[in-house]
Each structure stands twice: as C-alpha cells, then as structure tokens.
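Each chain, letter by letter, is given below.
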Amino acid sequence: MNNFEFYNPVRVVFGKGTIGQVRKLIDAEKKVMMVYGGGSIKKNGVYEQVARALKGRDLVEFGGIEPNPLYETCLQAVERIRTEDIGFLLAVGGGSVLDATKFIAAAACYEGGEPWEILTTGGRRVKAALPLGDVLTLPATGSEMNCFSVISRRSTQEKLAFGSPLVYPVFSILDPETTYSLPKKQLRNGLVDAFAHVMEQYATYSVSSPLQDRQAEAVVRTLIDAAGDVLGRQDYDSRASFMWAATCALNGVLSCGVVQDWTTHGIGHELTAFFGVAHAESLAIVMPALWQHQFEQKKGKLAQLARRVWHVIQGDEDSQARAAIEKTVEYFHSVEMPTRLSDYDITEADIQKVVERFGQRGDVLGEHKNIKAPQVEEILKLCL
Ligand code: NZQ
Ligand code: ZN
C-alpha cells in the first residue's frame, strides 16, 4: 500500500425529511446566497423546502447555473457577491450547481489575476474561499463530499477541474426523495458516472490494498444491484443506496494508498467540451476502449473485478479481464447508456480536435505515464 493522507471535513446529513436541518447548519448571522440551476428545484418542491427552512434569514438567490457550469455565469455570481455582503453560499442542485458554487466561493476571494487561473493551476493558487454547504438533488459526481470542481468556458471550449481543501462543503444534505423527480437519463448518467469514479481508482495495478479493493468492489456492486429499481420505480431504499454509493465513490476513501488513473475523465472532458456529450456519456464511450488499449497493464485488476463483482470463475487471467470489459459494457447498455462515438455522430475527423488539444497541452496520462496525444488518438479510434 502506498503512503497516504486522508482528510474529509464534510458533515453529511442523510435521509428522508432532512432538508429542514439547513436552518441550524448555517450561522444565522451570515447573509446567504442560494445558488441553483435551471429550475428543477422549483418544480420538485426542494426550493420550497429550503425557503421554508430559511424563512426570516438574510437570503439572496442566484439561479441559472447550467449543466457543465459555465465560467461566464459563475463570474456573474462573483460580481453580485462583491456588491452584497454574502457570508455563506448554499448550493441546491446537482453536481454542476455544487461545482459552480465551489468555484464561485474561491473566485470571490481570489486576489490573483483572472479567476480562470484557479482552473489552469488546478486550485494551487486558492488561498481563501467563502464557506459553502449544499442540498444535493442528483447522485452522481461525489462533489457533495469532495473538494473538486469542474468548470467549462464557453468562449474557448475548455473544461477544466480544480481542487482545494478550502472548498469542501461544510455540510451536505442528502435526501434520497429529492431524486424522485429526476428523468431516467439523469439517473442513468449518475449510475455510470459513479461507476466510472470507482474504476478510475481501481483499474490500474495492485499495490496490496485489500481493504480499498473490497470497498471499491462493494460500491460498484451496490450500484449494479440498485440500477434496475432506480430506473424502474420511485423506491426509497434503492434511491438511498444509489445516493450513498455515489457519494462514497468519490469522497477520498477509495483512493487511499492506491494507484489511480483518471484518463477516462481526462479524455471524456474534452468530448464534452468539443461535442457537448454529457459527462457520463463521455465516460461510457472512453472507459471500455481505454481498458482494451491498456489491457496488459490493467488485466490483473480487471480479472479481479470480474471474479469478485460478476463472479466469473472460469478461464485464465486474460479471459477474466476480457469478461470484465464485456460485463462493464453490458452494465452500461443495461441502463440504456450508449458506448460508441458513432452513437453521437462523432467521426474520425472530429476526434482530431481532441488529439490536437492533448498535443498542445503536452498532457501525459495513465498510471504508467504512457498515454500522450498519439495514444489518445488510438483510444478514440477504438471508440468510433
Ligand atoms: O439545472 P436544473 O434545472 O437543476 O436541472 C438539472 C440539470 O438539467 C437536472 N436535475 C438535477 N437534480 C434534479 C434535476 N432534475 C430533476 N430532478 C432533480 N432532482 O439534471 C440536469 C443535470 O444536472 P448536473 O448537475 O449537470 O448533473 P451532474 O450531477 O451529473 O453534474 C455534472 C457535472 O459535474 C462534473 C461534470 O464534469 C459535470 O460538469 N463532475 C464533477 C465532479 C466533482 N466535483 O468531483 C467529478 C465528476 O467526475 C464530474 O466531472
Ligand atoms: Zn465523473
């Protein structure tokens, strides 16, 4: 096992009817800015629950955060924070709203140059941030219990991430009943995104981390088991399992002391930035192809995944590892998630944009640092 440091200060308040607790979780002296998205919270009663809980408090609103939140929109919120004396940010929505709020919290206190630098430097320059909390309405990203944020910039078609311990939410309220209003497509996206998060921390090579491996396998198995009911009906228990599993998929526990490979996310973000493919959709395209491309390096862990998660007992390591790729694609298809670029009419000519960007940035990906622009091209060709 590799050395590691684990720190996670997020207070998770989980369960039915917990949104009202937002009142006692926010300092009554602070003026609050509530940040939300395109209006789903006004249709499903979540907005009303938050407004009722915060009745009488000094509260302003900032709505209109887009899926794949835009830098340009976040800057408008920062402008308002500068003119009003905001002391706390409350995100109410999915991962995009949470990520935008984290970025706004950091940008409002940024004393460097242009706040975009927060993203180009991966968060290293964040020295202060406003405190924030959230009411999550979409299980998927894990943003509710991590310190990462992913922001897109319309003008340059870029999508970059940053991380800083200063943007951990102070609290996250997770009420599984908020997910009842989610369209099937968003549920499917959440199931796939959370699955991919676990795999980016698992499908590399073994460094003797038996507990973390079992924890990762438990999270993906829970997602697979819950998927049918999550997509099929409004059932509290399966929504609760899904919500907590998605949080645990990316809250720092699974990555303790293991080797990670975030190549699928790295390439996926570019597919979103250039072609507008939703985040989880991009992952379902790239992940099976990455595993095929890096088969020799990853086959030990993939075979273990097949044995332990899908109970594949026959065959040698190679055939079990191949079974893991097949079972993963089957899982994606079972939740009606496409897995090819052609499903989105993205052609071989189109992928050159992505390859060129990796070339320009000089990014080096993969747990063995063996994936550069030419390998990105090979992987994307496997996705066509
Ligand atoms: O904007 P509103 O009207 O709220 O509608 C949203 C949005 O259209 C809707 N929605 C959310 N909760 C709902 C609901 N509709 C009905 N009922 C509800 N309860 O769902 C749509 C998608 O929401 P979004 O927040 O964009 O989805 P998600 O949570 O999947 O977040 C995706 C973003 O998170 C980033 C992605 O790159 C993407 O930008 N990620 C963040 C990570 C992190 N912070 O750690 C890690 C991830 O890998 C990911 O990169
Ligand atoms: Zn993701």
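Computed from a predicted model, the values in this text were never measured in an experiment.

Provide a residue-level description of the pattern of salt bridges, including the pertinent values.
Under the definition given, this model contains 21 salt bridges. Between Glu84 and Lys31 there is a salt bridge, with the nearest N and O atoms lying 3.3 Å from each other. Residue Glu84 is found in the loop between helix H4 (71-83) and strand S4 (88-93), and its partner Lys31 is found in the loop between helix H1 (22-25) and strand S2 (32-36); the two are separated by 53 residues along the sequence. Residue class for Glu84 comes out partly exposed when judged on its relative accessible area of 22%. As a salt-bridge pair, Arg153 and Glu114 come within 3.0 Å of each other at their nearest N and O atoms. Of this pair, Arg153 sits in strand S6 (residues 148-153) while Glu114 sits in the loop between helix H5 (95-107) and helix H6 (117-120); the two residues are 39 residues apart in sequence, bridging distant segments of the chain. You can call Glu114 partly exposed: its relative accessible area is 38%. One network of salt bridges, with partners in common, ties together Glu270, Arg357, Arg361 and Asp363.

Explain the packing of aromatic side chains residue by residue, including any values.
Using the criterion set out here, one finds 11 aromatic pairs in the structure. For the ring pair Phe14 and Trp244, a centre distance of 6.1 Å and an interplane angle of 70 degrees mean the geometry is edge-to-face. Here Trp244 lies in helix H9 (residues 236-249) and Phe14 lies in strand S1 (residues 11-14), a separation of 230 residues in the sequence. Overall, the relative accessible area of 38% leaves Trp244 in the partly exposed class.

About the thresholds
Along each chain, the written sequence defines residue order, and numbers are assigned to residues from 1. Just so you know, chain letters begin at A and ligand numbers begin at 1, following the order they were written in. Residues qualify for local features only when their pLDDT is at least 70, as the model is predicted, and side-chain atom pairs are given and counted only at 80 or more; totals for whole chains, interfaces and linings, by contrast, use all residues. The side-chain quantities take in all heavy atoms of the structure and omit both hydrogens and water. Put simply, a salt bridge is a Lys or Arg side-chain nitrogen that is within 4 Å of an Asp or Glu carboxyl oxygen. The numbering of helices and of strands both runs from the N terminus, where a helix is a DSSP run of H or I of at least 4 residues and a strand a run of E of at least 2. Burial classification: accessible surface area is computed with a 1.4 Å probe over protein chains only, and a residue below 20% of its type maximum counts as buried, one above 50% as exposed, and the rest as partly exposed. Geometry of aromatic contacts follows a simple scheme: Phe, Tyr and Trp rings, the Trp one being its six-membered ring, pair when their centres are within 6.5 Å, and the pair is stacked under 30 degrees between planes, edge-to-face over 60, tilted otherwise.

Structural measurements only, silent on function.
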